[in-house]
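Close look at the chain arrangement
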Amino acid sequence: MEVAALSAATSRPLPLLSTAPSRRLHTVLPPRSFSGRRLLPSPRPHGLGCVGDGTARRGSARKGGMLVRSSSSASVESATQEAGADSSGEWSGDAIRRRFLDFYASRGHKILPSSSLVPDDPTVFLTIAGMLQFKPIFLGKEPRRVPCATTSQKCIRTNDIENVGRTTRHQTFFEMLGNFSFGDYFKKEAITWAWELTTKEYGLPPERLWISVFEDDDEAFSIWHNEVGVPKERIKRLGEDDNFWTSGATGPCGPCSEIYYDFHPERGSTDADLGDDSRFIEFYNLVFMQYNKKDDGSLEPLKQKNIDTGMGLERMARILQKVPNNYETDLIFPIIEKAASMAIVSYTTADDAIKTNLKIIGDHMRAVVYLISDGVIPSNIGRGYVVRRLIRRVVRTCRLIGIRGDGHGNSEGAFLPSLAEVAIRLSTEIDPDVESRRKSILGELQREELRFVQTLERGEKLLDELLDEALLSAGNNGGKPSLSGKDVFLLYDTYGFPVEITAEIAGERGVSVDMKGFDIEMENQRKQSQAAHNVVKLSVGNDTEIVKSIPDTEFLGYDSLSATAVVKGILVNGNPVNDVSEGSDVEILLDRTPFYAESGGQVGDNGFLYVYGKEDGQQKAVIEINDVQKSLGNIFVHKGTIKQGSVEVGKEIDAAVDAKLRQGAKAHHTATHLLQSSLKSVIGSETSQAGSLVAFDRLRFDFNFHRPLSEEELVEIESLVNQWVSHATHLETKVMDLQDAKNAGAIAMFGEKYGEQVRVVEVPGVSMELCGGTHVSNTAEIRGFKIISEQGIASGVRRIEAVAGDAFVEYVCARDNYMRRLCSSLKAKAEDVNGRVETVLEELRTTRNEVSSLRSKIAVLKAASLASKATTIEPRNVRVVVENMGDVDADGLKSAAEYLVDTLEDPAAVILGSTPGDGKVSLVAAFSPGVIKMGIQAGKFVGGIAKLCGGGGGGKPNFAQAGGRKPENLPGALENARDEIVAAISSKSS
């Protein structure tokens, strides 16, 4: 049920098509060349605005203009260029996608855009399913906006990354074509249309198609056999593991049916195994979502039966383009060809190892380009780590096949941008936004690659050290030199060293590699990776019943801070109750509210709910609201505490928002919009939002940028915002169609999900953004704007924190108070404070240097008396000093050790310790050249002694320092050091 897993997969805005069934495109365009094959390009580019209107009636299949196909013919034929195939019967990936969307649009489906690879769902790490954007509808938590829809969804799956390039079909990035019904049609239509699309539109020979159904799904079997006409011997009944889709332990589920293509029909039907990858490929999966799985495991029929399907675009392209694997389709192969040319190899004549590496490059480059375009920046955590891992895998693989330089004559330049250019060029009909983000994508890839190359070089140095240690250890123990599996994995995982290169270099120096240990480490990491979120969970919680009776909350807060409302529901600890009394923490659901619920980065309002007696008008209850969240679609949950009286469902209440706090949020939210415009103006329009927080007393804005901002840039950004504030510009808000807003230049907020109608907030001439938050009516209300800090929070992501409105005034007043105190303490005017502080600091530095110098001299004087206490180890006459120097600090200890090792004749070994105070231990070891020649190194020796004192450290063979946190252990540690150094020297002398 592989495509079922894939069906839970894809993301982001696509080029969409008009759905009017009567339209025909008769323009004949010249086919383009693709590795010896002729594939038709798109008849026209489709913008995001061309969303299907779904007006065509189902059943009006588009047969006009199509040639009658022979079911026995293996070729794919079409009468028009619009059909997507050229005269030789070959299809482009773009044409396959267009045909799918047009087919379902002509049957009443609305073409919807792909969602982002960053899902609006906390249970899913990355978008892995075409149905993900419809999850709230499938759960019944949001009303359907259309009866049925069709999409081409971008997806990312990394749990099978080790199979990429090694099998014919595994990919990290792929497109999933899907058609969805939300209680509109069901099994019969889904099956018959899938067959019609597959055999008539795409022209696949029926005798090459096999079907799988759930073992108990007699209805699906009957439709396939009796109505579609598939022979019984080509319909396989499979068990629950293969053909029953579940979203989790509970929730919507149902049987599924898959269509397989048979590459070798000559093998016959006897004992045919659909799991045989050498013969079959599953390319279309139909999920019949007809049950709800309850807590006890029982199944109950859903009132609204849904359809969720997925066709792997790359798989269908492989079939129609008649290539041996997904990678050689026109969706990926141009990237492979570019990589091959940069490596100066021919894919056609390359060996299997090089072909595998080229496939990995082709696949991973698509993934990283789309992830970065969707705002995922390389880092060491979360989604950023996925991107970083993929990029490093590409860099390692490219270097493995010999790619060096940028492909434009610069041998030290980055090569990923050249490969990304091809992936971006291929993105036109998948996601037009990728092209507009070209500059930032290429810049991010270049920086990440050059950083990683430095890491690789450090890895090479570490490998040399590990090989030296392996050879030395083998020489001492008389064994065979070997690198441990853990060390090989460290090089692979941390430094990006391909295990093949590690083994090759180690072999050249006569060192074997523990591949079994390496495989164990890899398996452990693979298990951890697969444990991540790779399933879209559709579960129904305890609140389902209460939600069914509660409509969406009407928000009144744009125009009013108070309103009368009716209590529609009360939750205590997540459970519904009818009433609650004083002292209880509650969640209250109202039919209407002036309270803003947290979204778009803006925090929820605070305030109060009041209950008054109907007859006497006396206040009966007070509920303090300290947070408001959105839940289950558009229901506002008011979280707070009953301060007085009691409240019950059905009661009328007066809701009042804290006006001062709301004003603070409004000022900071509008200031955030101005800040983003200022950033784009000062550091470049390619920077984009990566997150935000709009609080009552501050704002936080995260943005994608590759370096810290200079002081001059921060001043310019701040000044520009304050300039706009001073202009006292009136804001304009309007509700528009989503595509109209984007066409007008409105910026979408990071991570937000939008409907077809959106609210646009504009500061004329400065900023225009899609935003549902609350804002000031005039920029003058912001009063002032001050940046508090700017810092990096992840690789390629910066953060600005700032204040506006009343918080700005409070901040400036507080800083002025601090300055007054500082001026008083320094006895200086405000304008002279900097100079005075520099003078004080210089005086302090001078004094500290003098003190340190005196301490070092005292330590050396103490050391002079220790020289006479040196112990001589025969027969090489090695002079050894191991002493406790009391409270001497680390610098003094270093000076003393250096003095002693220079004063004593070579060979000499000096080990000193001290307790300078604050519970600290300082240790130092200094060995002369003669001791080092014996194979005894200061760096390795001192680390073991430091562990006895609760610390660690190391250094060079001749000198090393360490520290600890257990001063009470120092005497014993030094005694141990004396015994060990004497024993080590004695063993080397025998």
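What this report covers is the structure whose coordinates are included nearby. The numbers attached to residues start from 1 for each chain and follow its sequence in the written order. Under the rules for a predicted model, residues below a pLDDT of 70 receive no local features and side-chain atom pairs below 80 are neither given nor counted, while totals for whole chains, interfaces and linings still include all residues. Excluding hydrogens and water, the side-chain values take into account all heavy atoms of the structure.

**Re the side chain of Ser767**
Helix and strand assignments come from DSSP, with helices taken as H or I runs of at least 4 residues and strands as E runs of at least 2, each series counted from the N terminus. With respect to the secondary-structure elements, Ser767 resides in strand β30 (residues 767–770). Accessibility here uses a 1.4 Å probe with only protein chains present; expressed as a share of the type maximum, an area under 20% marks a residue as buried, one over 50% as exposed, and anything in between as partly exposed. Overall, Ser767 belongs to the buried group, its relative accessible area being 6%.

**Quick word on the packing of helix α13 (residues 438–477) against helix α14 (residues 485–493)**
Axis definition: a line fitted to C-alpha atoms, limited for helices to the stretch in contact. Angles are taken between N-to-C directions and run from 0 to 180 degrees. Relative orientation of the contacting elements α13 and α14 amounts to 170°, with a least axis distance of 10 Å. Taken as axis vectors, α13 and α14 run roughly antiparallel relative to one another. Judged by residue contacts, Gly459, Leu462, Leu463 and Leu466 of α13 engage Asp487, Leu490 and Leu491 from α14. Residues that form the contact of α13 with α14 fall into these classes: five nonpolar, one polar and one charged. By definition in this entry, angles of less than 35 degrees are roughly parallel, angles greater than 145 are roughly antiparallel, angles of 65 to 115 are roughly perpendicular, and the rest are oblique. Contacts are residue-level and defined by heavy atoms, with any inter-residue pair within 4.5 Å sufficient. When residues are grouped by polarity, Ala, Val, Leu, Ile, Met, Phe, Trp, Tyr, Cys and Pro land in nonpolar, Asp, Glu, Lys and Arg in charged, and all others, Gly among them, in polar.

**Re the pattern of salt bridges**
Only one rule defines a salt bridge in this text: a Lys or Arg side-chain nitrogen within 4 Å of an Asp or Glu carboxyl oxygen. If you walk through the whole model with that rule in mind, you get 36 salt bridges. Between Glu444 and Arg447 there is a salt bridge; the shortest N-O distance is 3.2 Å. Taken as a pair, Glu444 and Arg447 lie in helix α13 at a separation of three residues, close to a single helical turn. By relative accessible area, which is 4% here, Glu444 ends up buried. Here Arg447 falls in the partly exposed class, since its relative accessible area comes to 23%. Several salt bridges share partner residues, and in doing so they unite Asp94, Arg97 and Glu175 into one network.

**What to know about the sheet that holds strand β32 (residues 797–804)**
Adjacent strands of a sheet pair through backbone hydrogen bonds, lying either parallel or antiparallel. Taken in spatial order, the four strands of this open sheet run β25-β26-β32-β31, and their pairing is antiparallel. Sheet topology places β25 (689–694) and β31 (785–794) at the edges, where each strand pairs with a single neighbour. Strand-to-strand twist in this sheet, taken as the mean axis angle between neighbours without regard to direction, amounts to 15°. Only when DSSP finds a minimum of two bridges between them are two strands counted as paired. As judged from the eight bridges shared by β31 and β32, these two strands associate in the antiparallel manner. Across the sheet, Lys786 pairs through a bridge with Val803, a residue of β32. Of the strands in this sheet, β25, β26 (699–704), β31 and β32 touch helix α18 (residues 659–683), which is tilted by about 30° from β26. Sheet contacts for helix α19 (residues 711–726): β31 and β32; angle to β31, the most-contacted strand, approximately 135°.

**Brief notes about the packing of aromatic side chains**
Planes of paired rings set the category: under 30 degrees apart is stacked, over 60 is edge-to-face and the rest tilted, where pairs are Phe, Tyr or Trp rings (Trp by its six-membered ring) whose centres lie within 6.5 Å. All chains considered together, the criterion is met by 25 aromatic pairs. With centroids separated by 6.5 Å and ring planes inclined at 75°, the aromatic side chains of Tyr104 and Trp193 adopt a geometry described as edge-to-face. Of this pair, Tyr104 sits in helix α2 (residues 93–105) while Trp193 sits in helix α4 (residues 187–201), and the two are 89 residues apart along the sequence. The class for Tyr104 is buried, based on a relative accessible area of 0%. Taking relative accessible area as the criterion, Trp193 reaches 8% and is therefore assigned buried.

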